[in-house]
Amino acid sequence: MAISRLSFACRHSIHFRPSFFHCFQKVRFSSVAAIETLYDQNNFNKDKNQNLGDPKPPEWKKWNSKELGISNSTISRPTRKVLDGLKKNGYEVYLVGGCVRDLILKRTPKDFDIITSANLTEVVRAFPRCIIVGKRFPICHVHIGDTIVEVSSFSTTGPKFKVDLSNGISCPIDCDEKDYVRWKNCLRRDLTINGLMFDPYKRIVYDYMGGLEDIKKAKVRTVIPASTSFQEDCARILRAVRIAARLGFRFTRETAHFIKNLSRSLLRLDNQRIMMEMNYMLAYGSAEASLRILWKFGLLELLLPFQAAYFVRDGFKRRDKRSNMLLCLFSNLDKHLAPDRPCHSSLWVGILAFHKALSDQPRDPMVVAAFCLAVHNGGDILGGVKMVKNFTKPHDDIFHELSEPQHLNSKALADEIVDFAASVKKVLYWMTDSYYVSQAMAEYPQAPCSDLVFFPLPVYLKVSRIFECSRQGSEKGFMPKQGRKINYEMLALGSLEEVRHTFARVVFDTVFPLNLT
């Protein structure tokens, strides 16, 4: 029996006029890995002595935003208020980064970033509710209602920056002083597709890094040579993975090589930064693709060793186009999320713990169903048992995590739920203990060893509470969610009601899919 899975389109249909680009064709793309064997160092090293440099980006260009299909009406209202406020005070203002890329791709930006010729003190004076945050890279947070709009300044976009011409980068030809300032700022960006600036008043998109050409080719390329870029800031590796997964783009040859080659540098990042980047990958609607890419490039072993060990035991090769239960769980989670509709990190951490416990000890499908119903209803085990007794929907039997149905009586079913809940919480403890994490890949000595634990204590405690189950009924004061509509504002904040509801839906959609035949 088969269950439905998300298809992943790597190229979006964007209609430029013929003088610009040909239309992108929608194609199906699997973001599975390019390394056939698990740790084939020959494949990894064979190109080391070859020239891996990507072609130089094309000459800089200016584009009419209408030609690119960008309408100012797609800019959020709070962002427009900030843009207008700075423009009325005589400052240059631009949208910059990923939001410009997403507007071109007809996608909803996660947020809008503004850069201005005003210094940060002048930005603060322009708005009644505005503060400067950050030390190394100070920016302004402008509060418009309940929304925070981030504003950076050309004068304070990080430590003093010198252009390294040894990287093969040269100042653009035929540019004036303003072009030079914009170009120099774009040069600090991580990826070419994030190095676009949009002036919504002149309706011009400035492309100094060849970003539009890479969007056309569905490529992820670093602005400066990848080896230099990733060594300057190894978090760019995770951002590149996240963007490739979200857009369905492929890495250029050079970028892919150094993602693999410099992967261990991620262990130098602080835990808070890793958690933030992992949350961007798994909580915003592209979790399945992110996991596939992390596995493809050998990053999963460093970041989530328990899940990497599952892939190895499952015989899941780097080029594997198949799915498995872990990927199906996150595929079904993705169907409920989007860049502007994320979930709280406790949900995806809970799914990881749930799956690990189920993989270690397969359970009767009715135990899984009753457990999910108990979780949904605030830990009411007997209520879950009662509800599942009349449950007749067939389960998907392709997953080895599900054992053969045993037709358990009510007491045995309740005992199984108690045991399963305890095993999930035990796994959660393992995931937050460096010793157990370091042992996750111990059976595979050729694999890199990682004892990285980046889940913060508040997330651990929240996930533990999600899986609190009792024979005495729901936890005091808890009201199960009614109806199917998800309250995304509460889900992002980590509301127990919304997280438990969404968790139960994801598991049911995976174990008992609608399209079974």
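Throughout this description, residue numbers start from 1 for each chain and increase along the sequence as written. It should be noted that, the model being predicted, local features are given only for residues of pLDDT at least 70 and side-chain atom pairs only at 80 or more, the latter also being counted only at that level, while totals for whole chains, interfaces and linings use all residues. Calculation of side-chain values draws on the structure's entire complement of heavy atoms; hydrogens and water are dropped beforehand.

Let's shift gears to the pattern of salt bridges. What makes a salt bridge here is a side-chain nitrogen of Lys or Arg within 4 Å of a carboxyl oxygen of Asp or Glu, nothing more. Scanning the entire structure with this criterion turns up 20 salt bridges. Between Arg 221 and Asp 214 there is a salt bridge, with the nearest N and O atoms lying 2.9 Å from each other. Residue Arg 221 shares its accessibility class with Asp 214, and that shared class is buried. Each of Asp 190, Asp 233, Arg 239, Arg 242, Arg 273 and Glu 277 takes part in one network of salt bridges that share partners. Working definition: with a 1.4 Å probe on protein chains only, accessible area under 20% of the residue-type maximum means buried, over 50% means exposed, and in between means partly exposed.

Turning to the nonpolar core, a few remarks are in order. Counting 148 residues, the largest nonpolar core has Leu 95, Phe 251, Met 278, Trp 348, Phe 354, Phe 371 and Phe 503 as the members making the most contacts within it. Non-local contacts of Phe 251, meaning those with residues more than four positions away in its chain, are made with Lys 219, Val 220, Ala 240, Val 241, Ala 244, Ala 256, Ile 259, Ile 293 and Phe 297. Counting 15 residues, the second-largest nonpolar core is a separate cluster that includes Trp 183, Leu 187, Tyr 208 and Ile 224. Only buried residues count toward a nonpolar core, which is a set of Ala, Val, Leu, Ile, Met, Phe, Trp, Tyr and Cys residues joined through side-chain atoms within 4.5 Å. What makes two residues a contact is simply this: any of their non-hydrogen atoms within 4.5 Å.

This part covers a nonpolar patch on the surface. Surface patches are defined over residues having more than 30% relative accessible area and no salt bridge, joining like charges when they lie within 9 Å and nonpolar side chains (Val, Leu, Ile, Met, Phe, Trp, Tyr) when within 5 Å. To be clear on the numbers: accessible area is Shrake-Rupley with a 1.4 Å probe, and residue cover counts the displayed protein chains and nothing else. On the surface, Tyr 429, Tyr 435 and Tyr 436 cluster together to form a nonpolar patch covering roughly 330 Å² of accessible area. Relative to the elements of secondary structure, Tyr 435 occurs in helix H19 (residues 434-438). Secondary structure elements follow DSSP: runs of H or I of four or more residues count as helices, runs of E of two or more count as strands, with numbering from the N terminus.

The next subject is the environment of Pro 362. The topology assignment puts Pro 362 in the loop between helix H15 (345-360) and helix H16 (365-376). The residues touching Pro 362, leaving out its near neighbours within four places in the chain, are His 400, Glu 401, Leu 402 and Ser 403.

All right, on to the pairing of strand E8 (residues 204-207) then. Residues Ile 204 and Tyr 206 point to one face of E8 and Val 205 and Asp 207 to the other, with burial holding for every one of them. When DSSP finds two or more bridges between a pair of strands, those strands are recorded as paired. Looking at chain direction, strand E1 (residues 61-64) and E8 are connected through four bridges and run antiparallel. In the strand pairing of E8, Trp 63 is matched with Val 205. In this structure, the hairpin formed by strand E7 (residues 196-199) and E8 is closed by a connection of four residues, where Arg 203 is found at a positive phi of approximately 55°.

All right, on to helix H8 (residues 235-247) then. Note that an α-helix has 3.6 residues per turn; residues three or four places apart therefore point the same way. Under the convention used throughout, the expected extent of a helix is 1.5 Å for every residue step, that is, one less than its residue count. With 13 residues, H8 should reach 18 Å at 1.5 Å per residue; the first-to-last C-alpha distance of 18 Å fits that figure. For H8, the tally of buried residues reaches 13 of 13 residues, placing the bulk of the element in the interior. Immediately beyond the C-terminal end of H8, within one or two residues, lies Gly 248, with a positive phi of roughly 75°.

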